[in-house]
Amino acid sequence: MNEAAYTDSEMMIAVAARVLKGARTVFVGVGLPNIACNLARHTVAPDLELIYESGVYGARPERLPLSIGDPTLVSGATSVVSMADLFGLYLQRGLVEIALLGGAQIDRYGNLNTTVIGEYRKPKTRLPGSGGACEIAINAQRTFMIMRLKRRAFVDKLDFLTSPGHLTGGDSRARLGLPGGGPELVITDKAILNFANPQREMQLSELYPGVAVSDVQAEVGWPLRLAETIKETAAPTTEELHLIRDEVDPQGMYR
Amino acid sequence: MKRLANNDKLVSMQEAIANGVGDNCSVAIEGFTGFICFAAGHEIIRQRRRNLTLIRMTPDLIYDQMIAAGTASKLIFSYMGNPGVGSLYCIRRAVEKAIPCPLELEEYSHYGLVGRYAAGAARLPFFALRSYLGSDMLEANPLIKLIEDPYGTGKIAVVPPLNPDVAILHAQRADRKGNTQLWGLLGMQKEVAFASKHVIVVVEEVVEEATVRLDPNRTLIPGLIVNAVVHEPFGAHPSCIQGYYDRDNESYLAWDKLSQDHAAVLAWLDEWVYGLENRAAYVQKLKQGYFDKLKPEPLLAPPVDYGRYR
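Just so we're clear, the structure is a prediction, and the values are computed from it rather than from any experiment. Throughout this description, residue numbers start from 1 for each chain and increase along the sequence as written. As they are written, the chains are lettered A onward and the ligands numbered 1 onward, keeping that order. The model is predicted, so local features are restricted to residues of pLDDT at least 70 and side-chain atom pairs to those at 80 or more, both for listing and for counting; the totals for chains, interfaces and linings are taken over all residues.

## Things to note about the confidence of the model for chain B
Spelled out, the test is: The predictor attaches a confidence to each residue, and that confidence, scored 0 to 100, is pLDDT.
Across chain B, pLDDT averages 96, with 98% of residues at or above 70. Under the prediction, the complex receives an ipTM of 0.96, its pTM being 0.96.

So this is what it looks like as structure tokens:
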């Protein structure tokens, strides 16, 4: 165990990379998920192919991409296709093993809102909208969320359901015929939550070092379910911190 | 549809916009993160078009600027953000506070809007996709519908065709007939071109027809459906053109700050749009050598052999 100081973001990146162990394909967004995927390629998932909604399959960016349409994702990629092909032949075909998603709001069943705060026709805050998130959440084999724990984000009721998770829980997702398996993990800055119960309700499964259950509950807008056993997540190792700081994000853009 | 003599479609941006984009038109200036024709957007602002329906998957800075300038009354989109940076404040001001005028939104997911272009391009009545089930987007936009699969697999979402009055598409190169070659992020450029009633292509380089014919796989848009070709080097700045110039990220970050204040946006438009005659003047106004730092190192693909068969 490494005793050196590390930031919340470095912990999230390390955890998000570890859960990609052995994966072949991951659908990536920019920022923190992108760093996590690149870290995973150096550690637990050397064969990982990065897929971007801009049409890139098998990206090998030489610098940290500034957006999902960064030209650095094109140079050196396995294949670059139209967005129609990316969504149709890669995503909808079922070739995306893991998708990393986030949002302004998430509910206990892992449904996401990236559309509005307030009423749709008269929003208090207009957010970006779906992008590819709605079909990614529906079609990816597995979905992992990466979001900081905040009471205004972990809400009892979404203002708008942009991207379906486990909908109303239980088998409601399968009954509606959604091809992908839905949310499995929520990786936060304090803890890891999963949906490993018959109700498919978010539950606390791991706490980061020094975090108490009450710290997590304080940031969640509903009575949070606890897994039968709650583990402590290992802190980032010296090797993980070295790779994050010196290899995948040397400029510290997202830390 | 206006046809030009001699199949020579090369015109100035000013002419292309004057002939192609009228008030009340639906206009798609497309390109995903790169290939965004800011030069055309600025010319539309200069020619003071009004009541446009603007269509773009990712409205980006160009539609933020066009909406702040009062050119549009409606926006069709699928992701409304400053990519990798944050919000689009001008569009938010129009939606949340009707500044400078109210803006109607029609909203899709990416695949939904790609599907609308694809159906429009192939003249199909709808495009079916595995999306929207369980999402509130179905309620937010009644044009997205669920139908029963006639072959018995259950419910499937459909979106209607979209046929913009005008598409404006930036690419690396074209010949004077409009045969257009593009490499890098192909985005939705091909589908939009085939879907639209009038197509303006804007290119970094105008090349001989023979150059196009030596690499036909790279011709994304045939001159057959192109109405005007505009030669406008750096016309996509501050977005990027693969192999030509990188995204000018500092401009995107600067816009994030500046655009939070409507008066500052109007002052910017005065200086960088109304105050300039055309794109060449814009390029000149940027410091000499400005684009040097945005030029990537070369990374050449080896030539391929198509073979000569006689």
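Back to the write-up after that little detour.
## Some points on the domain arrangement of chain B
When the parts of a complex come together, some accessible area is lost, and that lost area is often taken as the interface size. Residues and elements named next belong to chain B. Worth spelling out the cut-off: As used throughout, domain bounds are those supplied by an automatic or database domain assignment. By definition, any uninterrupted DSSP run of H or I lasting at least four residues is a helix, any uninterrupted run of E lasting at least two residues is a strand, and each is numbered from the N terminus. Residues are sorted three ways: Asp, Glu, Lys and Arg are charged, Ala, Val, Leu, Ile, Met, Phe, Trp, Tyr, Cys and Pro are nonpolar, and all the rest, Gly among them, are polar.
Assigned domains within chain B: domain 1 (5–107 + 163–294) and domain 2 (110–159). Those elements that place two or more of their residues in the side of domain 1 that touches domain 2 are strand 5 (104–107) and helix 7 (189–195). With four residues, helix 7 is the single largest residue contributor to the side of domain 1 that touches domain 2. Taken together, the residues of the side of domain 1 that touches domain 2 sort by class into six nonpolar, two polar and three charged.

## As for the interface of chain A and chain B
Selection rule: In this description, any two residues whose backbone-derived C-beta atoms lie within 7 Å of each other are considered to be in contact.
Tallying the contact residues gives 39 residues for chain A and 44 residues for chain B. Contributing elements (two or more residues each) for the side of chain A that touches chain B: helix 3 (83–92), strand 9 (123–126) and helix 4 (133–139) of chain A. Here the side of chain A that touches chain B is composed, by residue class, of 21 nonpolar, 15 polar and three charged.

## Quick notes on the sheet that holds strand 7 (residues 145–148) of chain B
Residue and element names in this part refer to chain B. This is how it is decided: Strands are labelled as partners when DSSP assigns at least two bridges between them. Where helices are involved, their axes are fitted lines through C-alpha atoms of the stretch in contact, as for all axes, and angles between N-to-C directions lie from 0 to 180°.
With respect to topology, three strands assemble into an open sheet ordered 6-8-7, the strand pairing being antiparallel. Edge strands, defined here as strands with exactly one partner in the open sheet, are strand 6 (127–129) and strand 7. Recorded for the sheet is a direction-independent mean angle of 45° between the axes of neighbouring strands. Pairing geometry for strand 7 and strand 8 (residues 155–159), over four bridges, is antiparallel.

## Quick word on the packing of helix 2 (residues 38–46) of chain B against helix 3 (residues 60–68) of chain B
Residue and element names in this part refer to chain B. Note the cut-off: Roughly parallel here means an angle under 35 degrees, roughly antiparallel means over 145, roughly perpendicular means 65 to 115, and every remaining angle is called oblique.
Contact geometry of helix 2 with helix 3 gives a least axis separation of 10 Å together with a crossing angle of 0°. Viewed along their axes, helix 2 and helix 3 adopt a mutual orientation that is roughly parallel. Of the residues in helix 3, those in contact with Phe38, Gly41, Ile44 and Ile45 of helix 2 are Ile62, Gln65 and Met66. The residue inventory of the contact of helix 2 with helix 3, partitioned by class, reads five nonpolar, two polar and no charged.

## Here's the deal with the sheet that holds strand 2 (residues 49–52) of chain A
Residues and elements named next belong to chain A. Spatially, the 10 strands line up as an open sheet ordered 4-3-2-1-5-10-11-12-13-14, and their pairing is mixed. Edge positions in the open sheet fall to strand 4 (79–80) and strand 14 (225–232), since each of these has one partner strand only. Where strand 13 (residues 203–207) and strand 14 come together, four bridges link them in parallel fashion. Its bridge partner lying in strand 14, Leu204 is registered against Leu226.

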